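Chain by chain, the residues run as shown.
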Amino acid sequence: MKPLGPLPARLLRLGAHLTSPGGARGALLVLIYHRVLAAPDALLADEPDAARFAAELDLIAGLFNVLGFSEAVERLGRRSLPPRALAITFDDGYANNLEVAAPLLAARGLTATFFISTGFSGGGMMWNDLVIEALRVAPAEFDLGPLGLGTWPLPDVGARRRAVDSLLGRLKYLSLEERIAAAERIAERAGLPATVTPMMDERQLRALAGRGMELGAHCIRHPILSRLAPDDARREIEGSRQRLAEITGVPVRAFAYPNGRPGVDYTAEHVRMVREAGFSAAASTAWGVATSRSDPLQVPRVAPWDRSAARYALRLVRANTQRRATTV
């Protein structure tokens, strides 16, 4: 991704200023990431590698004023945001957030908020990553017939990516226990080594907090809250906050709903649980930008990926005009 020229940069900065002037008319644009890879990975082609992320950060730093998520949401409510306010967030808690993303952020004097699923801080991986990594090592003819999932020809990485998308879609809205069990059986049939663990451990979480980055909660096991019994949902929400505070020794103010689609993945009941658990800010995955009228416990986020610097920056600026975020 090549840097913007001086004139396009000035024009885009002006556009961002006009759509987000700060103060009483301020708006908050929140970006969502998951991983930042050390090198490109064809099986994870939607995830930025270090070079692309660095280029995106350079664009962001030139166009926006970057704040931590909780601070930004608080200042949004007080109508004291700076012009062109933006927060960077990461979901789940991948080790490359510390190893790759954090140094790139620090080198530019930028901060971010990392939402952690605390159940994986002792090892293991999320169910979707089990499926992805299983398909990475699976044989060219992968028989999942005994699991009721058919047989998958996997001659190349394109076929493996399509299989990932299809299998994740089929498993996503099973119960949490059924998803985990299915993913474990897929991994077993693929011969995936049990030692693979892409998530941050407790030492790494403390190191990330020690860099001045904000850590927020993202439930314990990354469930879809709307598919849980109310008591189980409450335990996931409250337990992740308590455990993260125990690990880091830092109060936890922010939360992100797993999957995060309002009315589908969480409901008004879960928003109430988040409020009662003591969170002051929470992020959804509804697409849009937050204003002073937005619910601080349902802040929208965007993921404006594009190949060229100009198109990526334009997507960021245009996102500032999308003020109608879905809530429950």
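It should be noted that the structure appears before, not after, this text.
None of these values were measured; they are calculated from a predicted model.

Asker: Teacher, can you tell me more about the environment of Asn-259 here?
Answerer: Looking at where Asn-259 falls in the secondary structure, it is placed in the loop between strand E8 (254-256) and helix H10 (268-276). Relative accessible area serves as the criterion here: at 23%, Asn-259 is assigned to the partly exposed category. Put simply, Asn-259 and Ala-286 are 27 residues apart on the chain and 9.9 Å apart in space, counted from C-alpha to C-alpha. Ignoring any residue separated from it by four or fewer positions in sequence, one finds Asn-259 in contact with Lys-172, Tyr-173, His-222, Ile-224, Asp-265 and Thr-285.

Asker: Honestly, the packing of aromatic side chains in this entry has me stumped. Any pointers?
Answerer: The geometry of an aromatic ring pair is captured by two quantities: the separation of the ring centres and the angle between the planes. Applying the stated rule across the entire model yields 8 aromatic pairs. With a centroid separation of 5.3 Å and an interplanar angle of 25 degrees, the aromatic rings of Tyr-33 and Phe-90 are classed as stacked. Of this pair, Tyr-33 sits in strand E1 (residues 27-33) while Phe-90 sits in strand E3 (residues 85-92), and the two are 57 residues apart along the sequence. In this structure Tyr-33 comes out as buried when scored by relative accessible area, which is 8%. For Phe-90, a relative accessible area of 0% puts it in the buried group. Relative to Phe-115, the ring of Phe-69 has its centre 5.7 Å away and its plane inclined at 80 degrees; by these criteria the two rings are edge-to-face. One end of the pair, Phe-69, is in helix H3 (residues 69-77); the other, Phe-115, is in strand E4 (residues 113-116), with 46 residues separating them in the sequence.

Asker: Can you help me understand the pattern of salt bridges in this one?
Answerer: Counted according to the given criterion, the structure contains 20 salt bridges. Glu-133 is paired through a salt bridge with Arg-136; the nearest N and O atoms lie 2.8 Å apart. Taken together, the residues span about one helical turn, with Glu-133 and Arg-136 both in helix H5 (residues 127-137) at a distance of 3 residues. Beyond isolated ion pairs, a larger network of salt bridges with shared partners links Glu-202, Arg-206, Arg-243 and Glu-246.

Asker: Just to check I follow, could you spell out the nonpolar core for this structure?
Answerer: When a protein is soluble and globular, its nonpolar side chains tend to lie buried together. Within the largest apolar cluster, 56 residues are counted, with the highest numbers of intra-cluster contacts made by Phe-90, Leu-105 and Phe-255. The element best represented in this core is helix H4 (residues 95-107), accounting for 7 residues. In this view, Leu-105 contacts Phe-53, Leu-57, Ile-88, Phe-90, Leu-110, Thr-111, Ala-112, Phe-114 and Met-213; residues no more than four positions away in its chain are not counted. Among the nonpolar cores identified, the runner-up in size contains 27 residues, and Ala-138, Ala-182, Ile-186 and Ala-187 belong to it.

Rules used in this analysis
- Position numbers for residues start from 1 in each chain and track the written sequence from start to end.
- Only residues with pLDDT of at least 70 are given local features in this predicted model, and only at 80 or more are side-chain atom pairs given and counted; all residues enter the totals for whole chains, interfaces and linings.
- Values shown for side chains rest on all heavy atoms present in the structure; no hydrogens or waters enter the calculation.
- Labels follow the DSSP assignment, with helices taken as runs of H or I lasting at least four residues and strands as runs of E lasting at least two, numbered in each case from the N terminus.
- For every residue, the accessible area obtained with a 1.4 Å probe (protein chains only) is divided by the maximum for its type, and the residue is called buried under 20%, exposed over 50%, and partly exposed between those limits.
- Any two residues whose heavy atoms approach within 4.5 Å are treated as being in contact.
- When two rings of Phe, Tyr or Trp (its six-membered ring) have centres within 6.5 Å they constitute a pair, described as stacked for plane angles under 30 degrees, edge-to-face for angles over 60, and tilted for the intermediate range.
- Each salt bridge in this description consists of a side-chain nitrogen of Lys or Arg and a carboxyl oxygen of Asp or Glu lying within 4 Å of one another.
- Buried residues of nine kinds, namely Ala, Val, Leu, Ile, Met, Phe, Trp, Tyr and Cys, make up a nonpolar core once their side-chain atoms join them within 4.5 Å.

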